[in-house]
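Here are the chains, one letter per residue:
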Amino acid sequence: MKWIVGLLAVLAVAVAVLLTARLPGEDAIRFAGYAGTAACAALVSLGLRWRATRAQRNKRAG
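Note that this is a predicted model, so its numbers are computed, not measured.

1. Considerations on the environment of Ala9
Inspection of the secondary structure assignment puts Ala9 in helix H1 (residues 2–22). Classification of Ala9 by relative accessible area gives partly exposed; the value is 42%. Taking C-alpha positions, Ala9 is 15 Å from Leu19, a pair spaced ten residues apart along the chain.

Next up, the structure:
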């Protein structure tokens, strides 16, 4: 499962790079900013889910 998620992430990055390379300068910067914001939000979300899952496991074990 982790390999599939990793593969999809790499594919998404490749598509974003190709789209950014074809855009004019200002649009590419704007698109890269949006993509960076979305990636940051996704990482924060994954981190919060991981911490919540870990806390639930520790509560059951203790």
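Right, picking up where we left off after that structure.
2. A closer look at the layout of surface pockets
Space inside the largest pocket adds up to approximately 200 Å³. As for the largest pocket, its lining consists of Val5, Ala9, Ala35, Ala38, Ala39, Ala42, Leu43 and Leu46. Elements with a contribution of two residues or more to the lining of the largest pocket: H1 and helix H2 (25–61). With six residues, H2 is the single largest residue contributor to the lining of the largest pocket.

Calculation criteria
- Residues numbered from 1 in each chain as written.
- Predicted model: local features only at pLDDT ≥ 70, side-chain atom pairs only at ≥ 80, totals over all residues.
- Heavy atoms only, no water.
- Helix = DSSP H or I, 4+ residues; strand = E, 2+ residues; numbered from the N terminus.
- Buried < 20%, exposed > 50% of the residue type's maximum accessible area, 1.4 Å probe, protein only.
- 1 Å grid on protein atoms, 1.4 Å probe; cavity = no way out; pocket = protein on both sides within 12 Å on 5 of 7 lines; lining within 4 Å.
- Points joined across faces, edges and corners; volume = space filled by probe spheres on them.

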